[in-house]
Amino acid sequence: MATENLITKPTTPIFRFAPSPNGLMHLGHAYSAIFNLKMARENDGKMLLRIEDIDTVRCTPENEKLMLEDLEWIGFEWDEKPMRQSGQFERYAETISDLFDEGIAYPSTMSRREIAEAVEAMTAGGKSWQTDPDGAPHYPGNERSLNADERVEVMAGNRQYAMRLDLQTAVSMLTNQLTWNETGAGPEGQSGTIFAEPDIWGDVILGRKDIPASYHLSSVLDDAIQGVTYIVRGRDIFHATSVHRLLQELLQLPVPDYHHHDLILDEDGRKLSKSRQSTALRHLREAGMTASDVHRMIGLE
Ligand code: GLU
């Protein structure tokens, strides 16, 4: 029997924890890491660690060192050498270039400030303007209407630019409704088969002239290259999955399952942030707590 055409489906589920070393790890990270590991072990899966350090200014080697120490201290384990995204820029740039060649990525030159001013001027005039789930306004510039030569000219010029996805064109190329399988829950309790709504994101940034990567692009590509089959992460990123599904479709990548888990909130019911020192794992440890204390605090004993 000829076997070369048989496609082997991965039998081992592959999980990943993908933190950004841009500050101290806190209880929220501990929950996500240990929750991932528990799911991986319960499913006889493999646990990967991916260091999402495309922000090369805030993600320093020192922060990475502290992060790895904190993760080891709480008992997080990973089964392969961690992947570091700052070593993958060439690969991201190639993908952006492919999307550009297909006419669904374009260079946009408005700065964050120019965007804010343009949107302010429109809304002051009574016009409503959509914001994305992170609260950023959709891109108000009109460079998506430049032709191929004009786009190349922008990229050859001296101005800074960000490559953006031409969302409407991309969505118009879809032949089927995008969905994903959610085994956790979204902010409104969404579970099961979820219909992706990439439109809520507008023309997301795929990369910039100086750093050819963005969270959406790099995480989708790396999940595919690392063979991740089960993405377990915080509920705050639930809506990002809509644009991730679109990118997977455009790039013909496999679709993992998703589990968006509970968030650990502070006393005021707000999401923990890296600037809130009181729940930093390092500070809890310095105050004499043990890893078991942390597991108890996050309810994952
Ligand atoms: N680096 C992202 C974060 O720390 C990970 C998001 C994800 O798991 O997809 O929030």
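Residues numbered from 1 in each chain as written. Predicted model: local features only at pLDDT ≥ 70, side-chain atom pairs only at ≥ 80, totals over all residues. Heavy atoms only, no water.

As a matter of local geometry, the ligand sits amid Arg16, Ala18, Pro19, Ser20, Glu52, Tyr215, Arg233 and Ile237. Interatomic distance of 2.6 Å between a side-chain N/O atom of Arg16 and an oxygen atom of the ligand. A distance of 2.8 Å separates a nitrogen atom of the ligand from a polar backbone atom of Ala18. In the complex, the protein chains occlude 78% of the 300 Å² of accessible area that the ligand would expose alone. (Near = heavy atom within 4 Å. Polar contact = N/O pair within 3.5 Å; in protein donor to acceptor, adjacent residues only side chain to side chain. Areas by Shrake-Rupley, 256 points an atom, 1.4 Å probe, with all protein chains shown as cover.)

Before going further, it helps to spend a moment on the side chain of Gln85. Positionally, Gln85 belongs in the loop between β3 (83-84) and α3 (89-101). For Gln85, the side chain forms a polar contact with the side chain of Glu52, separated by 3.4 Å. Here the side chain of Gln85 touches Asp222 through a polar contact of 2.9 Å, side chain to side chain. Aside from chain neighbours lying at most four places away, what touches Gln85 is Arg50, Ile51, Glu52, Asp53, Ile54, Tyr92, Ser218, Ser219 and Asp222. (Helix = DSSP H or I, 4+ residues; strand = E, 2+ residues; numbered from the N terminus. Contact = heavy atoms within 4.5 Å.)

Our next topic: the packing of α3 against helix α7 (residues 215-225). Axis separation between α3 and α7 bottoms out at 11 Å; the angle between their running directions is 110 degrees. When the axis of α3 is compared with that of α7, the two are roughly perpendicular. Along its contact with α3, which presents Arg91, Tyr92, Thr95, Ile96 and Leu99, the element α7 presents Leu217, Ser218, Leu221, Asp222 and Ile225. Considered class by class, the residues forming the contact of α3 with α7 number six nonpolar, two polar and two charged. (Axes fitted to C-alpha atoms, helices over the stretch in contact; angles between N-to-C directions. Parallel < 35°, antiparallel > 145°, perpendicular 65-115°, else oblique. Nonpolar A, V, L, I, M, F, W, Y, C, P; charged D, E, K, R; others polar.)

At a minimum axis distance of 10 Å, the contact between α7 and helix α8 (residues 240-250) shows a crossing angle of 60 degrees. Taken together, α7 and α8 sit at an angle that is classed as oblique. Once α7 is placed against α8, the crossing between them reads as right-handed. Residues Tyr215, His216, Leu217, Ser219 and Val220 of α7 form the contact with α8, whose own contacting residues are Ala240, Val243, His244, Leu247 and Gln248. (Left-handed = near helix turned anticlockwise from the far one by under 90°.)

What the rule picks out here adds up to 19 salt bridges. Across the salt bridge formed by Arg58 and Asp55, the nearest N and O atoms sit 3.0 Å from each other. Residue classification places Arg58 among the partly exposed residues on the basis of a relative accessible area of 49%. Using a relative accessible area of 28% as the deciding quantity, one classes Asp55 as partly exposed. Residues Glu64 and Arg84 are paired through a salt bridge, measuring 2.7 Å at the closest nitrogen-oxygen approach. Separated by 20 residues along the polypeptide, Glu64 in helix α2 (residues 61-73) and Arg84 in strand β3 bring together distant segments of the chain. Its relative accessible area of 11% is what places Glu64 among the buried residues. Given the relative accessible area of 41%, Arg84 is considered partly exposed. Through salt bridges with shared partners, a single ionic network connects Arg16, Arg50, Glu52 and Asp223. (Salt bridge = Lys/Arg side-chain N within 4 Å of Asp/Glu carboxyl O. Buried < 20%, exposed > 50% of the residue type's maximum accessible area, 1.4 Å probe, protein only.)

Turning our eyes to something else, we now look at the nonpolar core. Ranked by size, the top nonpolar core spans 37 residues in total, and within it Tyr92, Leu99, Leu165, Leu206, Leu217, Leu246 and Leu250 carry the most contacts. Contributing elements (two or more residues each) for this core: α3, β5 (162-165), α6 (167-172), α7 and α8. If we skip the residues at most four places from it in the chain, Leu165 touches Ile104, Tyr106, Ala170, Asp203, Val204, Leu206, Leu246, Leu247 and Leu250. One finds Leu27, Met47, Tyr230 and Ile298 within the second-largest nonpolar core, a separate group that totals 28 residues. (Core = buried A, V, L, I, M, F, W, Y, C linked by side-chain atoms within 4.5 Å.)

Judged by side-chain charge, Glu90, Glu94, Asp98, Asp101 and Glu102 come together as a negatively charged surface patch. Relative to the assigned elements, Asp101 resides in helix α3. Residue Asp101 is classed as exposed on the basis of its relative accessible area of 60%. (Patch = residues over 30% accessible without salt bridge, like charges linked within 9 Å, V, L, I, M, F, W, Y side chains within 5 Å. Lys, Arg positive; Asp, Glu negative; His and termini not counted. Charge placed at Lys NZ, Arg CZ, Asp CG, Glu CD.)

Moving on to α7. Burial of α7 is extensive: eight of the 11 residues sit out of reach of the surface. Every buried residue belonging to α7 is among His216, Leu217, Ser218, Ser219, Val220, Leu221, Asp222 and Asp223, and all of these are buried. Once α7 finishes, Gly227 follows within two positions and takes phi at roughly 70 degrees, a positive value.

Quick look at the pairing of strand β2 (residues 46-51) now. With five of its six residues buried, β2 lies for the most part within the structure. Across four bridges, strand β1 (residues 14-17) lies against β2 in parallel orientation. Bridge pairing in β2 places Phe15 opposite Met47. Taken together, β1, helix α1 (residues 27-42) and β2 form a β-α-β motif whose crossover is right-handed. Across two bridges, β2 lies against β3 in parallel orientation. Counterpart to Arg50 in the pairing with β3 is Met83. (Pairing = 2+ DSSP bridges. Right-handed = clockwise from strand over helix to strand, strands pointing away.)

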